[in-house]
Structure formats: C-alpha cells, structure tokens
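So you can see what is in the structure, the chains are spelled out below.
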Amino acid sequence: MTKAIKKYLITGFSGFVSEYFVEYLNRTKQKSRILGIDVMQPHFDFSRFGNCDIKFSKVDLLDRNKVSKIILSFQPDFILHLASFSSVAFSWIKPVFSFNNNTNIFLNLLETVRKSDMQCRVLSVGSSEEYGVVRKKDLPLSEIIPLNPVSPYAVARVSQELLSKIYVEGYGLDIIMTRSFNHIGPRQKEIFAVSSFARQMVEIKNKKKNGGALKVGNLSIVRDFLDVRDVVKAYYLLLNKGKNGEIYNVCSGRGVTLKEIIKYMARYLKMKVELKVDKSLVRPKDNPVIIGDNKKIRNELGWRPEISLEKSISDICDYWEGKR
C-alpha cells in the first residue's frame, strides 16, 4: 500500500539549513510536498529532488494575513520553522529588528494554526544561546539547566520557546522545541565565524586577500559545533517521532575553541596564518563556554552525530576553494 504523501511547510527556505533538509527528505524516498516561504528567493534547483514536489512563495512572516492564507491553503502536516535572524552580533546592532523577526514571526504561525484548529506538528527551532553564561559544574548542558540569555537574540529565542509552551499547554497545539547548538557546513554564509575563517584563509592562501591577516574576534570562546547534515536528520526525526511539548538539545556534546578551529583549517589547507583582532567582531557580552548534552535525543530517538568536526571543516574549506 502506498504511503500518504506528507506535506511540509518550511519557513526560512532560502537559508542555510533548508536545502540540506530537503536533500535529506529526498533521500528517504518518501514522496513529499514542500511549500517553502521566505522573504528571499532560494538559490538551489528544485528539479534535482525527484521525491519532493516543491513550491515557493515569497512572503514576509510579519504579514499575518498573507501568512494565514498560505498556511490555510496548503494545510501542512508539518511546519519546520527555520526562519530567523540568527546572528548574535546582528542582534546587538539592531535588537528590536532581531526580536520582531524571531519572536513575532513565530507567533503569526502559531496563531494561524490555533485559530484554524489545524492538525499539524510544528518544530520550533531554538538556540544554545538561550543557556547564556553557565557554571562549569553544569557542563555539558542538559535541557533542565536554567536559562540565562545574555544577548538580544538569545532573549528572542527564549521568548519563542516560552510561547511554544503556552500554545502546547493552553491551546493544545502539537509543538516540539529544540535548542540547536552551532551548526556548520558547506554553503553557510560568511557572516558566521567558521565559514568566515574558511573563506578568508582560502583567499589568503591563494593571494587574493590584501594584507594576508585573518580577521578574528574572541578566539577563546568554546562552542559545540555540529555538522548541518546531522542537524537536519535530527529535525526529521523530531518532526516524525519527537514528543509533543518537549525540548531537545541538538548538539555534538564536544566543545572546541575558535582558535582550535583555525588550527584545524590551517593544517588542512597546509598554510600558516597571521591573526588580527577586529574589534567590530568582539561582542559586548559573550558566553565563554557552551557545550551541550545530547543524551535525551539519543535515548528517545536513536539520533547521534555521524560527521566529525574534522570532516565538516575540510568540506567547508573545499567549498570555499571551489568558489574562488
């Protein structure tokens, strides 16, 4: 018997994660219908995904009426909410814009689902930045650790999570929440640290960058990096098997400094690099260490990271090598 075709509404469709999610969905061999929405046109080719019928609609999620019409017309089984302004640095520059374009856009989605009594599951993607500055004894961070956001972006993500809980407990919606740790991979924009390092170093190596110094911020911070290809597998499993109202860390469980990341890149690219601190890249307040505990998602869903940090870094460097 043929399985029913599942319908996925994906917000933030032109972003880094969505193409990888569609690639994963296509590999499952399950026929799917996908409606992507974003303020920008995605740059990937829909036709290469034979198992996915993909449509795109350009829409600002702050436009509640338009959002409602699109969702009601499509009637999704799943909503994967990827849309966000996820740069912590940007949130310090424009905190109001960051808050509106993280929290209010999510609220518009939930209100449409609530008012229509639609039976669909929502994956609310949050951030490890919600944990904020933590005590060493609390590492690695489990989902029960109290939150202590220390940036405008982090506050917005905590607000999104609290809204999710209210709509689950008060209105009976089916929502699963993540606290997703730093994810990396080829095709990520260079506004994010690891991708920026790789691009700069490739340019320095190939003598296309004047000065020959790598611009950096605070390299002592420790982060938990996870390959985007492992991230989308987690999102797929959470949409299909996660427990309603639950929060899941999506992380590697391994901490590494940004300085170590640069060392990995230099070793892979077979080069030496001079470092130059750019004050504009140093945030007003930063979390010194963020390392997650992924026991919950491993034990409940059988998910585990499969792509090593070294593999991620080599793939990112190869991507920027191919772009030159």
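Scroll up for the structure.
Residues numbered from 1 in each chain as written. Predicted model: local features only at pLDDT ≥ 70, side-chain atom pairs only at ≥ 80, totals over all residues. Heavy atoms only, no water.

Re the pairing of strand E11 (residues 247-250)
Cut-off, in case you're wondering: The rule is simple: take the accessible area with a 1.4 Å probe, protein chains only, and divide by the maximum for that residue type; under 20% is buried, over 50% is exposed, in between is partly exposed. Helix and strand definitions follow DSSP, with helices as H or I runs of at least four residues and strands as E runs of at least two, each counted in order from the N terminus. Strand pairing follows a simple DSSP-based rule, namely that at least 2 bridges must link the two strands.
Here E11 shows two buried faces, one formed by Ile 247 and Asn 249 and the other by Tyr 248 and Val 250. Across four bridges, the pairing between strand E6 (residues 174-180) and E11 is parallel. Note that in E11 the partner of Thr 178 across the bridge is Tyr 248.

Description of the state of the cysteines
Filter applied, for reference: Two cysteine sulfur atoms form a disulfide, by the criterion used here, when they sit within 2.5 Å.
Under the defined criterion, the tally for this structure stands at zero disulfides. Cys 120 carries a free sulfur, and the closest cysteine sulfur to it, the one in Cys 52, is 18 Å from it.

Digging into the sheet that holds E11
Formally: A fitted line through C-alpha atoms represents every axis, and for helices the fit uses only the stretch in contact; the resulting angles, taken between N-to-C directions, go from 0 to 180 degrees. By definition, residues are in contact when any of their heavy atoms lie within 4.5 Å.
Read from one edge to the other, the open sheet built from seven strands follows the order E3-E2-E1-E4-E5-E6-E11, with strand pairing classed as parallel. Here the strands that pair on one side only, and so sit at the sheet edges, are strand E3 (52-58) and E11. Taken pair by pair, the neighbouring strands of this sheet meet at an average axis angle of 20°, ignoring direction. Examined bridge by bridge, strand E5 (residues 121-127) and E6 share seven bridges and lie parallel to one another. When the bridges of E6 are listed, Val 125 appears paired with Thr 178. Lying over the sheet, helix H4 (residues 95-116) contacts strand E1 (6-11), strand E4 (78-81), E5 and E6, oriented at roughly 170° with respect to E4.

With respect to the packing of helix H8 (residues 258-269) against helix H10 (residues 309-323)
Rule in force here: An angle below 35 degrees is read as roughly parallel, one above 145 as roughly antiparallel, one from 65 to 115 as roughly perpendicular, and any other as oblique. Left-handed describes a crossing whose near helix is turned anticlockwise from the far helix through less than a right angle; right-handed describes the clockwise counterpart. The residue classification treats Ala, Val, Leu, Ile, Met, Phe, Trp, Tyr, Cys and Pro as nonpolar and Asp, Glu, Lys and Arg as charged. All others, Gly included, are polar.
At a closest axis distance of 10 Å, the pairing of H8 and H10 adopts a crossing angle of 60°. As the angle between them shows, H8 and H10 are arranged oblique. Judged by the sense of rotation from one axis to the other, the crossing of H8 with H10 is right-handed. Of the residues in H10, those touching H8 at Ile 261, Tyr 264, Met 265, Tyr 268 and Leu 269 are Leu 309, Glu 310, Ile 313, Ser 314, Cys 317, Asp 318 and Glu 321. The residue makeup of the contact of H8 with H10, split by class, is eight nonpolar, one polar and three charged.

Considering the nonpolar core
We apply this condition: Definition of nonpolar core: a set of buried residues of the types Ala, Val, Leu, Ile, Met, Phe, Trp, Tyr and Cys, connected through side-chain atoms within 4.5 Å.
With 37 residues, the main nonpolar core has Tyr 8, Ile 10, Phe 21, Ile 34, Leu 80, Tyr 235 and Leu 238 as its most contacted residues. Taken together, the elements giving at least two residues each to this core come down to E1, helix H1 (16-27), E3, E4, E5, helix H7 (228-241), E11 and helix H9 (295-301). At nine residues, H7 tops the list of elements feeding residues into this core. In contact with Phe 21, not counting residues within four places along its chain, are Tyr 8, Ile 10, Leu 80, Val 232, Tyr 235, Tyr 236 and Leu 239.

A look at the environment of Tyr 24
Relative to the helices and strands, Tyr 24 resides in helix H1. Placed 272 residues apart in sequence, Tyr 24 and Lys 296 show a C-alpha to C-alpha distance of 22 Å. Setting aside anything within four residues of it in sequence, one finds Tyr 24 in contact with Val 232, Lys 233 and Tyr 236.

Focus on the pattern of salt bridges
What counts is decided by this rule: Here, a salt bridge means any Lys or Arg side-chain nitrogen found within 4 Å of an Asp or Glu carboxyl oxygen.
In total, this model carries 21 salt bridges according to the counting rule given. Between Arg 229 and Asp 227 there is a salt bridge; the shortest N-O distance is 2.7 Å. The partly exposed category is assigned to Arg 229, whose relative accessible area is 25%. For Asp 227, a relative accessible area of 1% gives the class buried. Notably, a salt bridge pairs Arg 229 with Asp 315, separated by 2.9 Å at the nearest N-O pair. With Arg 229 in helix H7 and Asp 315 in helix H10, this residue pair connects regions lying 86 residues apart in the sequence. What emerges from the salt-bridge pattern is a single network uniting Glu 19, Glu 23, Arg 48 and Arg 187.

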